[in-house]
Amino acid sequence: MTVSADIGQQDLSRKDMGHEPAPEIAAPRRVFPALIVLLGALFALVPYWGDDVGLRESFLLAAVYITLASNLNIMIGYAGYINFGNIVFFGLGGYICVDLVTRWHWPLVAAGLMAGATVSLLALVFGAGILRLRGAFFALATIGVNEAVRQFVANFEPWGGATGIYLSFDAYEPLGGPMSALWLVYFLLVGVMVLSLLLSYAIKTSKFGLGLLAIGQNEDAAGVLGVRTPLHKALAYSASAFFPAVAGGLFFFKSGIIEPNGAFDLTLSIEAIVMIMLGGYGTVTGPLLGAFLYEELRGYLLTSPTISQLQLVIAGALLLAMVLFAPGGLVGFIHQRWPRSRTILQ
Amino acid sequence: MIGVVASVIDGVLVGAVYGLAAMGLTLIWGVMRVINLTHGAMIVLGMFIVYCLSKTAGLSPYEGMPIVVVVAFAVGVVIYWIAVDRVIGRPILMSLLATFACNMILIGIGTALWTTSPYNIPVSLPGISWQGYTFTGTHMMAAAFAGLIAGLLYLFLNYARYGKAIRAVASNREAAELSGIPTKQVLAVTFGLGVALACAAGALIATLFPFTVLSGSNYQLKSFVVTVLGGLGNPAGALLGGIALGLIEGLATPFMPVSWTPIIEFALFVIVLVAFPRGIFALSRA
Amino acid sequence: MSALLEVSALSKRFGGVQAVADLSFTVGKGEILALIGPNGAGKSTVFDLINGVFPPDSGRIVFEGADITGKPTYEVAHHGIARAHQIVQPLAGLSVLDNCLVGACYGHDNLSLAAGREVVREVAALVGLADRLAMPAGQLTTAGKKRLELARALCGRPRLLLLDEVLAGLNPTEIERMIEVIRAIRARGVSILIIEHVMRAIMSLSDRVVALNLGRNLAEGSPPEIANHPAVIEAYLGDPKLMTMSGAQPS
């Protein structure tokens, strides 16, 4: 018997005000997905119309963070499993895509999709194993997975071993040269970001998502109610791997280089978790806001050399503050203050 | 063949220290169902405390051990009150993130203070030679200390009044509270104790191998492996598990490169957890 | 009555404790069977074994002709067995509606979200939670949480309902209400296996009673028979001469 059985209230501080008239539980509205697509359009068009490369780079990083955070939220926010080593999807996807483009001369989009599919499949297979672990053990196992893959890649000669893979400029020729390639990759990444958010929304409003949320609240009770917990978890883990892998492929293609330490950077992996907690886990907009805010914060902090050393400290302090005082994050706070927002701001 | 035996014996000695570290982790889990993800940082803390002591006061790690324990205990209690107390009744997600956040903060501060360069504490003790192999004095001393501290812990938990209070809280917190035991205080003390064990282990490890601010994660993984080998919440099992791990390392190191060790341990971790959810040495419990 | 559930020679040991030993009983279709026994008699463990929380060491569990021994909880649920726990397990961060929706969608009938919502509204009305559907489950009162356990289990449209001390911690009015609800559930064709300590409820609700002690069969019969059974009284109170459970003098 676990200690956490009835004794304390297992509330997650997502309390409503209590005395508001109960709003009718709404079926999913068309408004929200439309808003997401609109956001994506803004992301894509604002830098393009302004021909502002600096802004594009900033938005590109934001799009990557949002993709990572949003997909990670499927495991952390919905299913309640902390995937510390989530960055392994990003890095592995990056390697597969870059390899397909450089060695096998695949077109970029096909290589990206293949990277996503492969990493997703691997996640399904290996996930089934490590998802038998609960709580902290799963969390640590994911770090182990990331480390193991990093070690493997660092010793894998066809992928450049410890030095990694460099892309020469010819790799960008099929896309019309480096300039237009950068814009194209940017648009594709924005597309990946939009699809990630839509996926998150689709899951949350689906029967599958309900099962995941039940697992996240109380896995044993969910099983008693009939949720096939092993399958659900494995599918969620696999689904949360696809878009990060594609994003990794696009990102490293654009960066022109991929090497083991940068691809499997545990710090970024952890920052994705901080982004989710900052914005509000278990929601669709939470990771979006959290990633955006964190990226701004990070950009601001990195300008000062002394503070950049303390990046980890600040991220940690932020995470701690959120967990202790505002576990619902920014979105949780908004929901609490304005309960009506719950249906609009999912 | 002799080489393998020597390696195994050496592994067992070092394993005792792993066991000590794991005891801290498993004690905290057993009493308050919190997985302390600052464990690695605490091991590193122990390493750097003795390093500073040896640099500033010329104390050897063995002499500095009492200071390590006291400082570590204080740090543990502080961490408990700041981060852990508020998350105890809440979902495991929260306590994992809270302790992990503390870990980030501490490692970040450590990196700022000491960078990620390797450090070393030169300790020389006479060793024992056998069949052409030397068992270093430091390894034997470390194992002896580990055994000593483990023994003290055992006596404390089983015979001291406060130790029994800790076990009462571990067994049934509500009942303990009703019996008049100040459970919050006990939890804070237990956390401090668990941290002290980790720091002590770190101090001993500092005598064995060079270390950096980032070494903690490696030893934390070992502690986790040991904890699952010995069964969660079972300090005696942790010591046995540590020795077992040391044994496995001793068997493996003559045959494969060092960089593979974390992967082997990680694989072991996953396999043991999946196959033996209660731990291999889990003594039968109702 | 044909047997809906057949439990044969069930045994389970935990370390040094034999929790269930060679236990056998059946539950008929449309029947309410009560499982009684002093604390530690192994009753909740029997439920754990039936609904798949862990497998028995030996013995068989057959439900509607199908062997479900040792199957995981979700498969048992799909066969049509649902459970309301003694220690309530609400999905605290989800609303009452969503809690029940999980039961409805993942239960025996495998419904869609829309169809599930219909079932939930109906069950909530029966159980008395219709006014609190939007409330986060963690904020319900204890009585509310108990009703939620029941509602959630019912939403899966089970054919056998395992009720584990659903009356514990309720005041007399709430108990009466709950008894009516349980009767209404049986009237819809759901068979019920109930663990209870509230004797009044056992007497008025159950068709048959199986008494356990130390994990073993002790006695079986109608409620009045069990109430006066010397072995049962002895198990509860120690000396049959002291008193009987329904006030009659022992022979």
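Residues numbered from 1 in each chain as written. Chains lettered and ligands numbered in written order. Predicted model: local features only at pLDDT ≥ 70, side-chain atom pairs only at ≥ 80, totals over all residues.

Section: the overall build of chain B
Then comes step 1: Summing up its helical and strand segments, chain B has 11 helices and two strands in all.
Then comes step 2: Listed N to C, the secondary structure of chain B is α-α-α-α-β-β-α-α-α-α-α-α-α in terms of helices and strands.
Then comes step 3: For a compact globule of 286 residues, the expected C-alpha radius of gyration is about 19 Å, and chain B comes in at 18 Å, within 12% of that figure.
Then comes step 4: Principal axes of the C-alpha set define a box for chain B whose edges measure 60 × 45 × 35 Å.
Then comes step 5: Burial analysis of chain B (286 residues in total) assigns 51% to the buried set.
Then comes step 6: Here the contacts in chain B between residues at least 6 apart in sequence split such that 79% fall between residues at least 24 apart. (Helix = DSSP H or I, 4+ residues; strand = E, 2+ residues; numbered from the N terminus. Rg over C-alpha atoms; globule rule 2.2 N^0.38 Å. Buried ≥ 20, exposed ≤ 12 C-beta atoms within 10 Å, placed from the backbone. Contact = placed C-beta atoms within 7 Å.)

Observations concerning the overall build of chain C
Then comes step 1: Helix and strand counts for chain C stand at nine helices and 10 strands.
Then comes step 2: Computed over its C-alpha atoms, the radius of gyration of chain C comes to 18 Å, within 12% of the 18 Å expected for a compact globule of 251 residues.
Then comes step 3: Taking the principal axes of its C-alpha atoms as reference, chain C extends roughly 60 × 40 × 35 Å.
Then comes step 4: Taking all 251 residues of chain C together, 48% fall into the buried category.

What about helix H4 (residues 108–130) of chain A?
All names here are of chain A.
Then comes step 1: With 23 residues, H4 extends 32 Å between its outermost C-alpha atoms, agreeing within 8% with the 33 Å of an ideal straight helix rising 1.5 Å per residue.
Then comes step 2: The largest bend in H4 amounts to roughly 25° and is located at Leu124.
Then comes step 3: Within H4 the residues assigned to the buried category are Leu108, Ala111, Gly112, Ala115, Gly116, Val119, Ser120, Ala123, Gly127 and Ile130. (Expected span 1.5 Å × (residues − 1). Bend = angle between axes of the 7 residues up to and from the residue.)

As for the sheet that holds strand E1 (residues 3–14) of chain C
Residue and element names in this part refer to chain C.
Then comes step 1: Sheet architecture is open: four strands sit in the order E2-E1-E4-E5, paired in antiparallel fashion. Of all strands in the sheet, those with a lone pairing partner are strand E2 (17–28) and strand E5 (66–67), marking the two edges.
Then comes step 2: The sheet contact formed by E1 and E2 spans eight bridges and is antiparallel. Across the sheet, Leu5 pairs through a bridge with Val27, a residue of E2.
Then comes step 3: The strands touched by helix H1 (residues 43–50) are E1, E2 and strand E4 (58–63); relative to E2, the strand with the most contacts, the crossing angle is about 65°. (Pairing = 2+ DSSP bridges. Axes fitted to C-alpha atoms, helices over the stretch in contact; angles between N-to-C directions.)

Thoughts on the domain arrangement of chain C
All names here are of chain C.
Then comes step 1: When its domains are assigned, chain C resolves into domain 1 (1–80 + 159–251) and domain 2 (85–157).
Then comes step 2: When each unit is reduced to the centre of its C-alpha atoms, the spacing between domain 1 and domain 2 is 24 Å.
Then comes step 3: Residue-level contacts link 15 residues of domain 1 with 15 residues of domain 2.
Then comes step 4: If you list the elements that add at least two residues to the side of domain 1 that touches domain 2, you get helix H2 (73–79), strand E7 (160–164) and helix H6 (172–187).
Then comes step 5: Here the element with the most residues in the side of domain 1 that touches domain 2 is H6; it accounts for four residues.
Then comes step 6: Looking at side-chain class alone, the side of domain 1 that touches domain 2 contains eight nonpolar, four polar and three charged residues. (Domains from an automatic or database assignment. Nonpolar A, V, L, I, M, F, W, Y, C, P; charged D, E, K, R; others polar.)

Points about helix H14 (residues 311–325) of chain A
An α-helical turn contains 3.6 residues, so any two residues separated by three or four positions project in the same direction.
Then comes step 1: Taking 1.5 Å of rise per residue, the 15 residues of H14(A) would be expected to cover 21 Å, and the 21 Å separating its terminal C-alpha atoms lies within 8% of that figure.
Then comes step 2: Within H14(A), the full set of buried residues consists of Leu312(A), Ala315(A), Gly316(A), Leu318(A), Leu319(A), Leu320(A), Met322(A) and Val323(A).
Then comes step 3: Structurally, H14(A) contributes buried residues whose contacts are with helix H11 (266–279) and helix H15 (329–337) of chain A together with helix H3 (61–84) and helix H4 (92–114) of chain B.

A closer look at the environment of Leu188(A)
Residue and element names in this part refer to chain A.
Then comes step 1: Along the chain, Leu188 turns up in helix H6 (residues 177–204).
Then comes step 2: Its 21 C-beta neighbours within 10 Å are what place Leu188 among the buried residues.
Then comes step 3: It is 9.3 Å that separates the C-alpha atoms of Leu188 and Ala44, two residues lying 144 residues apart in sequence.

Structural notes on the pairing of strand E9 (residues 208–213) of chain C
Then comes step 1: As defined by bridge partners, strand E3 (residues 32–36) of chain C adjoins E9(C) across four bridges and the pair is classed as parallel. Paired with Ala34(C) across the strands is Val209(C), a residue of E9(C).

Brief notes about the packing of helix H2 (residues 39–56) of chain B against helix H9 (residues 215–230) of chain B
To characterise two packed helices, one gives the angle between the axes of the helices and the distance between these axes.
Residues and elements named next belong to chain B.
Then comes step 1: At a minimum axis separation of 7 Å, H2 and H9 run at an interaxial angle of 120°. Accordingly, the angle class assigned to the pair H2 and H9 is oblique. Of the two elements, H2 crosses H9, and the hand of that crossing is right-handed. Seen from H2, the contacting residues are His39, Gly40, Ala41, Ile43 and Val44; seen from H9, they are Ser215, Gly216, Ser217, Tyr219, Gln220 and Ser223.
Then comes step 2: Considering only residue class, the contact of H2 with H9 consists of four nonpolar, seven polar and no charged. (Parallel < 35°, antiparallel > 145°, perpendicular 65-115°, else oblique. Left-handed = near helix turned anticlockwise from the far one by under 90°.)

Things to note about the sheet that holds strand E8 (residues 191–195) of chain C
All names here are of chain C.
Then comes step 1: Taken together, six strands build an open sheet; the order of strands is E6-E7-E8-E3-E9-E10 and the sheet is mixed. Lying at the two open borders of the sheet, with one neighbouring strand each, are strand E6 (81–84) and strand E10 (216–221). Each neighbouring strand pair of the sheet contributes to a mean axis angle of 20°, computed without reference to strand direction.
Then comes step 2: Sheet topology note: the E9/E10 ladder contains five bridges and is antiparallel. In the sheet register, Leu212 faces E10, and the bridge partner there is Asn217.
Then comes step 3: Helix-sheet contacts for H1 involve E3, E6, E7, E8 and E9, and the interaxial angle to E7 is about 150°.
Then comes step 4: Strands E6 and E7 of the sheet are contacted by helix H5 (residues 142–155), whose axis makes an angle of about 175° with E6.

Some thoughts on the packing of H9(B) against helix H10 (residues 235–252) of chain B
All names here are of chain B.
Then comes step 1: Relative to each other, H9 and H10 sit at 120°, their axes nearing to 7 Å. Relative to H10, the element H9 lies oblique. Handedness of the crossing formed by H9 with H10: right-handed. Mapping the contact onto sequence places Lys222, Val225, Val226, Thr227, Leu229 and Gly230 in H9 and Gly237, Ala238, Leu240, Gly241, Gly242, Ala244 and Leu245 in H10.
Then comes step 2: Its residues assigned to classes, the contact of H9 with H10 shows seven nonpolar, five polar and one charged.

Looking at the environment of Leu175(A)
All names here are of chain A.
Then comes step 1: By secondary structure assignment, the location of Leu175 is in the loop between strand E1 (165–166) and H6.
Then comes step 2: In this structure the C-alpha to C-alpha distance between Leu175 and Arg132, which are 43 residues apart in sequence, comes to 44 Å.
Then comes step 3: When sequence neighbours within four positions are dropped, the list of residues in contact with Leu175 reads Leu108, Ser180, Ala181 and Leu184.

A few points about the nonpolar core
Then comes step 1: Of all hydrophobic cores here, the largest spans 291 residues; its most connected members are Leu189(A), Leu319(A), Val17(B), Leu20(B), Cys199(B) and Ala200(B).
Then comes step 2: At 17 residues, helix H8 (residues 183–208) of chain B tops the list of elements feeding residues into this core.
Then comes step 3: Shared between two domains, this core holds at least three residues of each, these being domain 1 (1–80 + 159–251) and domain 2 (85–157) of chain C.
Then comes step 4: Setting aside anything within four residues of it in sequence, one finds Leu20(B) in contact with Ala146(B), Ile149(B), Ala150(B), Leu197(B), Ala200(B), Ala201(B) and Gly242(B). (Core = buried A, V, L, I, M, F, W, Y, C linked by C-beta atoms within 7 Å.)

Brief notes about the interface of chain A and chain B
Then comes step 1: The partner chain B presents 31 residues to the 35 residues of chain A that form the contact.
Then comes step 2: Contributing elements (two or more residues each) for the side of chain A that touches chain B: H4, helix H5 (135–154), H11 and H14 of chain A.
Then comes step 3: Considering every element that reaches the side of chain A that touches chain B, the biggest residue donor is H5(A), with 10 residues.
Then comes step 4: For the side of chain A that touches chain B, the residue count by class is 24 nonpolar, nine polar and two charged.

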